[in-house]
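What follows is each chain in one-letter form.
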Amino acid sequence: MSNLVRLNTGSAGSHRPGASAGRGPAPESEAPLADFAFGDTDGLPPPEAPPPSDRRGPMRPAQLSPTRRRLRGEVYARTFQALDGLFLAAVSLTAFLSLGGQAGVHVAPALAVMIALSLSGRYAFGSREGLAYHLAATGLAVLAGVAAAAAILASFLPPAAVFAALGAWTLAAFLGLYALHTTWWLLVRRWRGDGRLTPNVVVVGATPAAERLIAHAMRSRELNVLGVFDDRLARAPQAMRGVPVLGDTRALLEHRIMPYVDRVIVAVPAGARHRVREVIQALRPLPNEIALLLEDEDLETTGREARRSSRVRDIPLARIAGPPRHLGRAVVKRTLDLTAGGLALILALPLMALLALAIRLDSPGPIFFRQRRQGFNNEEIVVWKFRSMRHEAADAHATRQVQADDDRVTRVGRFIRATSLDELPQLLNVLKGEMSLVGPRPHAIGMMTGDVESARLVAEYAHRHRMKPGMTGWAAINGSRGPVDTPEEVRRRVELDVEYIERQSLWLDLYIMAMTLPCLLGDRQAVR
């Protein structure tokens, strides 16, 4: 996940303002590391600089955002580009309606300017690119596009007619694009300040490669290294260039910072295969993306694996595990959540009002029940439900799962649990982006199966958190509804959830939504 708003691909360049314009990660088949060398360390803390007293480190943003709120730069780049295109189309249409003439005279400059903006990298918004520089480069791109269009049109039309048509068009394009790109630049700056646009990573292995990665990140400011973890703590320093060494891999698995981490980078040399296997096996329970940092000798020894490498700027990484990377699917899924979820909430409001009245008349206590559950990437979210239990018997930690004829459940509660109407308020979680309409069901934090915490029964339990939890899901329509009372039931639910995450698509989501009501009405055995 890049912190840059970018469109184009190509090898990365230097980090002076604007140098990254129009450039992005190299093709996956390329793996040179020319820019991953660190001879000049001016302005950087020494390799073993002590960490700050609060152990935050020099790159931790003032405000940490959960990974689900992280912005995908390429999405917003394409959005900015589309809005620029719509503006130029409106200018061209206005000019055509006002001045008449051939449509091509007004369309050609719009197309040429859009191509010039893209080729010059005006949608890259480098982290060190100031507003004045960006606007100046945008103006040059507009001039270049208009000049190219004028040259082409002049070969078909009288030059005087071309320049007369392009004069007002160019002025309008300048003013409008300056206003738009000022807005885009300010938005990107705000998102970076909120910590929503720069990837957060932690590094496993206090190695020279880790130190070089940290130095690179401190210079480019396009990656936040929040901490280092190493099983060989006796050999590891307290900090690497001010980034604190926070513990071993066991500490990493349970560290409270992990819901804010986009990627875990293993900086153990790929040549040390036994140690790499040990580290990756230890990190297996994490829902976060895991990548192996590659260096020159690693690229020579990993062969075909290196060709599957991705990049954070010019740093090559071999992706080991993590959430699916389907940007198009994510956009479609979120669009479905907002449209279908919003419509469902509007239609359900009268029913929800009646249920709220019934709950209030049935037993004393609040109408809603709120419970902390685990969401995407192990983030803690507050899930809303209609209260179905006696208020004094409510169990926010799910230390005792619901059983048949549970005396804690009220009369109205039995009905709304059997029909899953108690979960209608979760439409609010869907619209907030904490949940999805379809996905693994969110479990309460610390939920118990017998005397054992459910999360400890299956090594891959957290893999179900590689996607936002849902109101319904693949497990629900395949018979895994309600409480999980045995280790076998926990394993089956995790298997079904992981299967859904690997297969997720719009059509599968629509199928699950269509099958939810028939499965719900036909399932009289599940305890709810």
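Rules of the game
Residues numbered from 1 in each chain as written. Predicted model: local features only at pLDDT ≥ 70, side-chain atom pairs only at ≥ 80, totals over all residues. Heavy atoms only, no water. Helix = DSSP H or I, 4+ residues; strand = E, 2+ residues; numbered from the N terminus. Buried < 20%, exposed > 50% of the residue type's maximum accessible area, 1.4 Å probe, protein only. Polar contact = N/O pair within 3.5 Å; in protein donor to acceptor, adjacent residues only side chain to side chain. Contact = heavy atoms within 4.5 Å. Salt bridge = Lys/Arg side-chain N within 4 Å of Asp/Glu carboxyl O. Expected span 1.5 Å × (residues − 1). Pairing = 2+ DSSP bridges. Phe/Tyr/Trp six-rings, centres within 6.5 Å; stacked < 30°, edge-to-face > 60°. Lys NZ or Arg CZ within 6 Å of the ring centre and 35° of its normal. pLDDT = per-residue confidence, 0-100. Core = buried A, V, L, I, M, F, W, Y, C linked by side-chain atoms within 4.5 Å. Axes fitted to C-alpha atoms, helices over the stretch in contact; angles between N-to-C directions.

Chemist: Would you mind showing me how to read the side chain of Asp230 here?
Modeler: If you trace the backbone, Asp230 turns up in the loop between β2 (224-229) and β3 (239-240). With relative accessibility at 4%, the residue Asp230 sits in the buried group. Reaching out from Asp230, the side chain makes a polar contact with the backbone nitrogen of Arg232 at a distance of 2.7 Å. Sequence-distant contacts of Asp230, that is, excluding residues within four places in its chain, are made with Gly205, Ala206, Ala236, Gly247, Asp248 and Arg275.

Chemist: For this particular structure, what's the right way to read the environment of Leu421?
Modeler: With respect to the helices and strands, the residue Leu421 is situated in the loop between α10 (411-418) and α11 (426-432). Here the alpha-carbon distance between Leu421 and Phe386, two residues 35 residues apart in the chain, equals 7.9 Å. Setting aside anything within four residues of it in sequence, one finds Leu421 in contact with Leu351, Leu355, Phe386, Phe415 and Ile416.

Chemist: Can you walk me through the pattern of salt bridges in this structure?
Modeler: When their charged atoms lie close together, side chains carrying opposite charge are able to pair. With the rule as written, the count across this model stands at 16 salt bridges. Here Asp362 and Arg411 are joined by a salt bridge, their closest N and O atoms 3.0 Å apart. In this pair, Asp362 is assigned in helix α9 (residues 327-362) and Arg411 in helix α10, connecting sequence segments 49 residues apart. Look at Asp362 and you get buried, because its relative accessible area is 17%.

Chemist: Would you mind going over the environment of Tyr76 with me for this structure?
Modeler: Along the chain, Tyr76 falls in helix α1 (residues 73-99). Judged by its relative accessible area of 26%, Tyr76 is partly exposed. A sequence separation of 112 residues divides Tyr76 from Val188, and the C-alpha atoms of the two residues are 9.3 Å apart.

Chemist: Even after reading the chapter, I still don't get the side chain of Arg464, so can you show me in this structure?
Modeler: Checked against the element boundaries, Arg464 lands in the loop between β13 (452-453) and β14 (470-472). Judged by relative accessible area, which is 1%, Arg464 ranks as buried. In terms of polar contacts, Arg464 uses its side chain to reach the side chain of Asp497, at 2.8 Å. In this view, Arg464 contacts Pro440, Arg441, His443, Arg493, Val494, Asp497 and Ile501; residues no more than four positions away in its chain are not counted.

Chemist: Explain α1 here, please?
Modeler: Owing to its 3.6 residues per turn, the α-helix aligns residues three or four sequence positions apart on the same side. The terminal C-alpha atoms of α1 lie 39 Å apart, and with 27 residues this matches the ideal 39 Å at 1.5 Å per residue to within 8%. All buried positions along α1 are accounted for by Gly73, Glu74, Ala77, Phe80, Asp84, Leu88, Val91, Ser92 and Ala95.

Chemist: Which parts of the structure should I look at to understand the pairing of strand β10 (residues 380-386)?
Modeler: Residues in a regular strand point their side chains to alternate faces of the sheet. The sheet contact formed by strand β9 (residues 368-374) and β10 spans seven bridges and is antiparallel. Paired with Arg373 across the bridge in β10 is Ile381. If you look at the hairpin formed by β9 and β10, you'll find five residues sitting between the two strands, and Asn377 has a positive phi there, around 60°.

Chemist: I'm lost on the packing of aromatic side chains in this one. Help?
Modeler: Each pair of aromatic rings is reported with the distance of its centres and the angle of its planes. One pass over the structure, following the stated rule, counts seven aromatic pairs. Arranged with centres 5.6 Å apart and planes meeting at 75°, the rings of Phe368 and Trp384 form a pair that is edge-to-face. Of this pair, Phe368 sits in strand β9 while Trp384 sits in strand β10, and the two are 16 residues apart along the sequence. Here Phe368 falls in the partly exposed class, since its relative accessible area comes to 34%. Clustering of aromatic rings is evident, with ring pairs tying together Tyr76, Phe80, Phe125, Trp184 and Trp191. Against the face of Tyr461 rests Arg464, its NZ or CZ located 5.6 Å from the ring centre. We note Arg503 situated over the ring of Trp474; from NZ or CZ to the ring centre the distance is 4.9 Å.

Chemist: Please explain the confidence of the model for the chain as it appears in this structure.
Modeler: A low pLDDT means the predicted coordinates there should not be read in detail. Taken residue by residue, the chain gives an average pLDDT of 81. The fraction at 70 or more is 83%. Overall, residues 1-40 carries pLDDT values under 50, and its contacts beyond four positions in sequence, including any with other chains, amount to 128 contacts. Confidence over residues 297-309 falls short of pLDDT 50; this stretch has 20 contacts with residues more than four positions distant or in other chains.

Chemist: Whenever I open this one, unusual backbone geometry confuses me. Can you help?
Modeler: Negative phi values dominate among residues other than glycine, just as trans dominates among peptide bonds. With phi around 50°, Phe125 is a residue other than glycine that occupies positive phi space. Structurally, Phe125 can be placed in the loop between α2 (103-119) and α3 (131-154). Of note, the phi angle at Ser420 is positive, near 60°, even though the residue is not glycine. Counting through the fold element by element, Ser420 comes out in the loop between α10 and α11. Looking at Ser420, the relative accessible area reads 18%, which means it is buried.

Chemist: I keep staring at the nonpolar core and nothing clicks. Help me out?
Modeler: Soluble, globular proteins show a tendency: their nonpolar side chains are buried together. Among the nonpolar cores identified, the biggest contains 30 residues, and Phe80, Leu88, Val113, Leu117 and Trp169 are the most heavily contacted of them. Contributions of two or more residues to this core are made by α1, α2, α3 and α4 (159-193). Among the elements that line this core, the one with the most residues is α4, at 10 residues. Judged by nonpolar contacts, the second largest core, of 29 residues, contains Leu345, Ala356, Phe386 and Met471.

Chemist: So what exactly am I meant to see when it comes to the packing of α9 against α10 here?
Modeler: A pair of packed helices is characterised by two quantities: the angle between their axes and the separation of those axes. Where α9 contacts α10, the axes come no closer than 8 Å and their chain directions differ by 145°. The residues of α10 that touch α9, namely those facing Leu355, Ala358, Ile359 and Asp362, are Arg411, Val412 and Ile416.

Chemist: Teacher, can you tell me more about the pairing of strand β6 (residues 289-293) here?
Modeler: In terms of residue burial, β6 counts as a mostly covered element, since five of its five residues are buried. Neither face of β6 is open: one carries Glu289, Ala291 and Leu293, the other Ile290 and Leu292, and all of them are buried. The pairing of strand β5 (residues 263-266) with β6 spans four bridges and is classified as parallel. Bridging from a neighbouring strand, Ile265 pairs with Ala291 of β6.

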